[in-house]
Amino acid sequence: MNAQNGMYELTAERRAVFKRSSLRGLRQQGRIPAVVYGSDMDSIPVHVDSKEIGKLARKGRTETFHLKIEGMKPIQAIIKEMEQKNGAWIHVDFQQVSDNKPIRVRVPIEYLGIPAGTKKGGIIQIQESGLEIEGLPSDLPPVIEVDISHLNVGDKLLAQDVALPDPIQLVSNKDELLVSIVVPRGVDMDVDAADAVEEQPS
């Protein structure tokens, strides 16, 4: 993988066979089956080097790069989807992008802080690890940081509660539950009473 004009460059080879045995053979050779698609191009089956795609994936799903395919001019693309099995990549979807066309992509969430409710016996339940958002490729964040330290017992964090950088738009359902702080089963917890105890001077 080389950098050209500050953008990474990934080379892909066209894929002509599609049997399961041939795909397994590619993976054994350190290649990952993939497909490239876009609004103004037909889908192209390809395969890429597993180590190179691993390096790119670590930079983030919204990282744009130049994808070189034999017989074509390099295209600007992002990783749209990646499929894993037993901790190893087994398939990748690349999407062609344009600097002036918004795209939709699922971005991972990084939860920050320790919820206040867990200090009172509550249990944190994380329901979602990412959000689908829309924006220009250059505006898309590689990760969405969300502070959850203020969440108390009984509190919930919904998709609509997440502050997205302007001009990024939320695509996920605004009522989608991301995180909740719940009372452990078999425990009768009076949240107000717990607060009162905590607020009493020692």
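Residues numbered from 1 in each chain as written. Predicted model: local features only at pLDDT ≥ 70, side-chain atom pairs only at ≥ 80, totals over all residues. Heavy atoms only, no water.

- An unreviewed UniProt entry lists the protein under the name Large ribosomal subunit protein bL25, from Paenibacillus apiarius.
- What the UniProt record of the protein gives under Function (unreviewed entry) is the line "This is one of the proteins that binds to the 5S RNA in the ribosome where it forms part of the central protuberance."
- Quoted verbatim from the Sequence similarities (unreviewed entry) field of the UniProt record, the comment on the protein reads "Belongs to the bacterial ribosomal protein bL25 family. CTC subfamily." (UniProt positions renumbered as here; feature names shortened; annotations may be inferred.)

**Focus on the sheet that holds strand β11 (residues 144-147)**
- With mixed pairing, four strands are arranged side by side in an open sheet as β11-β8-β10-β13. Only two strands of the sheet have a single partner each, and these edge strands are β11 and β13 (169-170).
- Bridge analysis of strand β8 (residues 103-112) against strand β10 (residues 130-135) gives six bridges, and the strand direction is antiparallel. Paired with Val105 across the bridge in β10 is Ile133. (Pairing = 2+ DSSP bridges. Helix = DSSP H or I, 4+ residues; strand = E, 2+ residues; numbered from the N terminus.)

**Quick look at the nonpolar core**
- Membership of the largest hydrophobic core comes to 22 residues, with the highest contact counts inside it found for Tyr111, Leu131, Ile133, Ile144, Val146, Leu157 and Leu178.
- Within the residue set of this core, elements represented by two or more residues are β8, β10, β11 and β14 (177-182).
- In terms of residue count, β8 provides more of this core than any other element does, five residues in total.
- When near neighbours in sequence (up to four residues on either side) are disregarded, Val146 contacts Ile109, Glu110, Tyr111, Leu112, Leu157 and Val162.
- Listed in part, the 20 residues of the second largest apolar core include Ala12, Val48, Phe65 and Ile69. (Core = buried A, V, L, I, M, F, W, Y, C linked by side-chain atoms within 4.5 Å. Buried < 20%, exposed > 50% of the residue type's maximum accessible area, 1.4 Å probe, protein only. Contact = heavy atoms within 4.5 Å.)

**As for the packing of aromatic side chains**
- All told, the structure shown has one aromatic pair when counted by the stated rule.
- Between Phe65 and Phe94, the ring centres sit 5.7 Å apart and the planes meet at 75°, which makes this aromatic pair edge-to-face. Here the residue Phe65 occupies a position in strand β5 (residues 65-69), and Phe94 occupies one in strand β7 (residues 88-96), the gap between them amounting to 29 residues. A single burial state applies to Phe65 and to Phe94, both of which are buried. (Phe/Tyr/Trp six-rings, centres within 6.5 Å; stacked < 30°, edge-to-face > 60°.)

**Overview of the sheet that holds strand β12 (residues 156-158)**
- Reading across from one edge, β9-β14-β12 is the order of the three strands in this open sheet, with antiparallel pairing throughout. The sheet is open, and its two borders are formed by β9 (123-126) and β12, each paired with just one other strand. Across the sheet, the mean angle from the axis of one strand to that of its neighbour is 10°, orientation sign disregarded.
- Here β12 pairs with β14 via three bridges, running antiparallel. Counterpart to Leu158 in the pairing with β14 is Leu177. (Axes fitted to C-alpha atoms, helices over the stretch in contact; angles between N-to-C directions.)

**What about a positive patch on the surface?**
- Judged by side-chain charge, Arg20, Arg24, Arg27 and Lys85 come together as a positively charged surface patch.
- Take the positive patch: its biggest share by element is three residues, from helix α1 (residues 20-28).
- The exposure class of Arg24 is partly exposed, given its relative accessible area of 45%. (Patch = residues over 30% accessible without salt bridge, like charges linked within 9 Å, V, L, I, M, F, W, Y side chains within 5 Å. Areas by Shrake-Rupley, 256 points an atom, 1.4 Å probe, with all protein chains shown as cover. Salt bridge = Lys/Arg side-chain N within 4 Å of Asp/Glu carboxyl O. Lys, Arg positive; Asp, Glu negative; His and termini not counted. Charge placed at Lys NZ, Arg CZ, Asp CG, Glu CD.)

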